[in-house]
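Working through the structure, step by step
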Amino acid sequence: MVKIKKPRRGPSYQPMSRRRRKHYTYGLLAVIVLGIYYLYTSPRGVTPAAFRDHEKYMNDRANVGTLESKASYDWRKAPFHNIIRDYIPLPPGKPRTLPFVQFDFPPETKSQRVRRETRLLAVRQEFERSWESYKQFAWTRDELRPSTGEADDTFGGWGATLVDSLDTLWIMGFKEDFFQAVRAVAEIDFGKSDTINISVFETTIRYLGGLLSAYDLSHEKVLLDKAIQVGEMLYCAFDTSNNMPIDRLPVEGAKLPGGTGFTADSNICFASIGSLTMEFTRLAQVTQESKYYDVVARVSEFLDRAQNTSRIPGLFPTWINSYKEDLSNDRSFTLGAMSDSSYEYFPKMFALLGGLEPVYEKLFKDSAPLIDKHMLFRPMLPDEEEGEGLLFSGDVYGGDADTIRLDAEMQHLTCFVGGYFGLAGRLFENKHHVELGARLTEGCIYAYKTMPTGVMPEIFNIVACDSRTACPWNETKWEEEVLKRFYGKNHADFEAAVAEHKLPKGFTSIRDKRYLLRPEAIESVFVMYRITGREEYLDHAWDMFTSVVKASTTSFANGQVFDVTADPPLEPENKMESFWTAETLKYFYLIFSPPDMISLDDWVFNTEAHPFRRPKLLKMEAGN
Ligand SMILES: *[C@@H]1O[C@H](CO)[C@@H](O)[C@H](O)[C@H]1NC(C)=O
Ligand SMILES: *[C@@H]1O[C@H](CO)[C@@H](O)[C@H](O)[C@H]1NC(C)=O
Ligand SMILES: *[C@@H]1O[C@H](CO)[C@@H](O)[C@H](O)[C@H]1NC(C)=O
């Protein structure tokens with residue numbers, strides 16, 4: 001093949017799909033040839049320094065540097081009654097040199113590259129299709145309705161999809177679209193909302209996280225101004241007598257002077273209280289304002305103090321009394337909905353703080369063995385050998401003394417846990433945890449593959465093995481557990497349940513058959529690929545991508561799948577949450593990118609897939 005010289009990144013740059021349409025009739029071959037050509041001439045390049053080149057290209061600004069951030073209310077002037085006198089500062093000192101997270105990838109062969117780049121291009125086009133429709137039908141609104149081409153406001157009415165997708169536009173090299181989006185973001189009025197009480201958690205991970213990440217990538221000042229406005233608004237949530245954040249912030253109520261502030265919740269889920277840390281820490285780092293770090297550090301101090309006082313000491317229950325700072329009430333424990341991201345942030349905070357704050361290592365190390373012991377389980381599968389390589393993470397009900405009970409229920413949300421153990425295993429140099437990460441990721445890959453659509457459902461149940469070492473297939477046991485889930489009595493009931501719900505062998509129910517366009521499975525596949533360099537992850541990712549696209553494609557973009565067991569598939573639901581373009585497609589794109597594109601040694605992702613820059617010593621400073 002003719003070598004094409006390294007491209008000039010200039011005005012000739014043109015989104016691929018427009019070119020492709022012209023050449024559509026040439027079929028697959030033309031697509032591949034064009035794809036390769038495009039990738040040679042694209043901002044991503046394929047050099048070892050792909051990301052640096054890419055940044056240089058993207059940094060050629062489009063006159064947004066002087067944009068003013070507009071707002072009808074300045075949140076810096078909002079009242080705050082429970083004033084904090086001494087801020088906990090960001091941990092001082094030079095960031096530590098932490099162990100490498102990423103595999104040391106060898107140069108790829110030509111055929112590997114061709115395959116990878118063809119896939120990369122397909123992901124980019126899928127994003128472009130959603131983005132073009134968002135621009136046309138839902139511009140500056142929270143969500144696109146992907147079947148009817150309408151818009152919806154679901155997260156405060158500040159353009160959730162717009163803000164959440166900024167960094168994806170940057171990473172995929174949609175330069176004009178990125179700057180167009182930045183100009184629209186400058187106009188967002190965070191001074192008021194059409195929602196009375198906003199979710200502090202969702203606003204933090206999507207808006208604050210999205211703005212900070214886009215700022216980290218592009219250094220556009222207006223994005224930081226917006227992040228500060230959102231951060232100042234969210235800071236009001238900490239205006240409680242013990243400075244624990246409330247779950248829902250009344251936007252107008254937070255502006256009223258007088259009173260004593262809010263009352264911390266007596267029942268708040270673990271995710272809502274524990275996963276504000278990364279965003280507020282990054283805001284503190286870029287502004288050098290301790291106050292943002294201080295409020296989340298207080299939450300972490302509480303979690304540290306109370307970690308051994310829950311019903312399963314070491315683990316955090318799903319529901320917490322943050323008013324009394326008490327973990328002892330709730331008996332339910334999970335890595336799924338309501339808890340997930342708080343566990344996720346322990347090792348990530350360690351990385352984000354350059355290893356300078358030991359509390360996050362402690363929070364991880366005192367919980368991980370209990371997760372391993374009580375939550376992770378091997379599924380019983382017809383092929384015993386196949387089952388041996390798989391793990392899932394279930395819900396646990398913790399009790400008094402020895403009444404700890406596992407409910408072998410797996411959620412799509414919980415699929416993040418493969419990447420979680422993988423990342424933590426590398427950061428804290430624990431091979432067992434990396435191995436757990438690989439097996440948990442295999443679990444989700446398996447769950448995708450066994451469904452008729454090739455897509456994993458939102459929630460399913462499966463028979464748990466008694467032991468991780470030996471677990472021969474036992475049809476009677478499967479039947480018993482299916483009957484338990486369906487309150488059946490006899491073999492006919494069992495057969496009816498299996499047929500009606502299309503239960504693959506070993507599965508005992510599919511409690512929620514939807515797929516909501518969620519990212520957690522590809523997230524773990526991506527992380528494990530970057531950690532191990534194992535090529536089969538690329539093929540798994542591609543299978544997931546093609547299956548998801550096939551099941552979710554609507555007239556204008558992609559919609560939630562009603563039933564992953566339906567064959568032929570049903571018409572998708574008219575809903576596309578912002579995480580489709582913010583997370584799912586970003587992880588699909590990154591796994592097919594050169595491995596130094598958003599390297600896990602330089603970046604750490606928040607729970608909405610927004611990469612934040614990890615603090616680093618320059619090589620010279622490090623001394624060797
Ligand atoms: C907003 O929150 C307040 C205080 O918790 C509550 O009284 C009110 O009903 C909520 N309003 C809405 C519309 O959710
Ligand atoms: C919590 O319990 C674990 C296990 O018993 C123990 O190793 C750890 O030191 C305890 N932590 C604190 C802070 O007491
Ligand atoms: C299979 O499972 C049933 C029901 O749990 C149990 O009674 C039986 O002993 C198991 N068979 C074997 C061979 O383990």
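None of these values were measured; they are calculated from a predicted model. (Residues numbered from 1 in each chain as written. Chains lettered and ligands numbered in written order. Predicted model: local features only at pLDDT ≥ 70, side-chain atom pairs only at ≥ 80, totals over all residues. Heavy atoms only, no water.)

Checked against the element boundaries, Asn242 lands in the loop between helix H9 (221–235) and strand E4 (248–250). In this structure, Asn242 is in contact with Ala264, Ser322, Tyr323 and Glu325, ignoring residues within four places of it in sequence. (Helix = DSSP H or I, 4+ residues; strand = E, 2+ residues; numbered from the N terminus. Contact = heavy atoms within 4.5 Å.)

With that settled, the discussion passes to the UniProt feature "active site" (unreviewed entry) in the protein. In the numbering used here, UniProt assigns the feature "active site" (unreviewed entry) to Glu202, Asp340, Glu458 and Glu520. Position of Asp340 among the secondary structure elements: in helix H13 (residues 340–352). Here Asp340 falls in the buried class, since its relative accessible area comes to 13%. Excluding residues that lie within four positions of it along the chain, Asp340 makes contacts with Ala271, Leu335, Leu413 and Phe416. Residue placement: Glu520 occurs in helix H20 (residues 520–532). Judged by relative accessible area, which is 9%, Glu520 ranks as buried. What Glu520 contacts, discounting residues up to four positions off in sequence, is His412, Leu413, Cys415 and Phe416. (UniProt positions renumbered as here; feature names shortened; annotations may be inferred. Buried < 20%, exposed > 50% of the residue type's maximum accessible area, 1.4 Å probe, protein only.)

The element strand E14 (residues 507–512) is largely enclosed, with a buried count of five among its six residues. For strand E13 (residues 459–462) and E14, the ladder comprises three bridges, and the chain directions are antiparallel. The partner of Asn461 across the bridge, within E14, is Ser509. (Pairing = 2+ DSSP bridges.)

Summed over the entire model, instances satisfying the criterion amount to two disulfides. Between the sulfur atoms of Cys415 and its disulfide mate Cys444 the distance is 2.1 Å. Judged by the sign of its S-S torsion, about -105 degrees, the bond between Cys415 and Cys444 is left-handed. One end of the pair, Cys415, is in the loop between strand E12 (409–411) and helix H16 (417–427); the other, Cys444, is in helix H17 (residues 431–450), with 29 residues separating them in the sequence. Given the relative accessible area of 1%, Cys415 is considered buried. Bridging Cys465 to Cys471, the disulfide has an S-S length of 2.1 Å. The sign of the -85 degrees torsion about the S-S bond sets the Cys465-Cys471 disulfide as left-handed. (Disulfide = S-S within 2.5 Å.)

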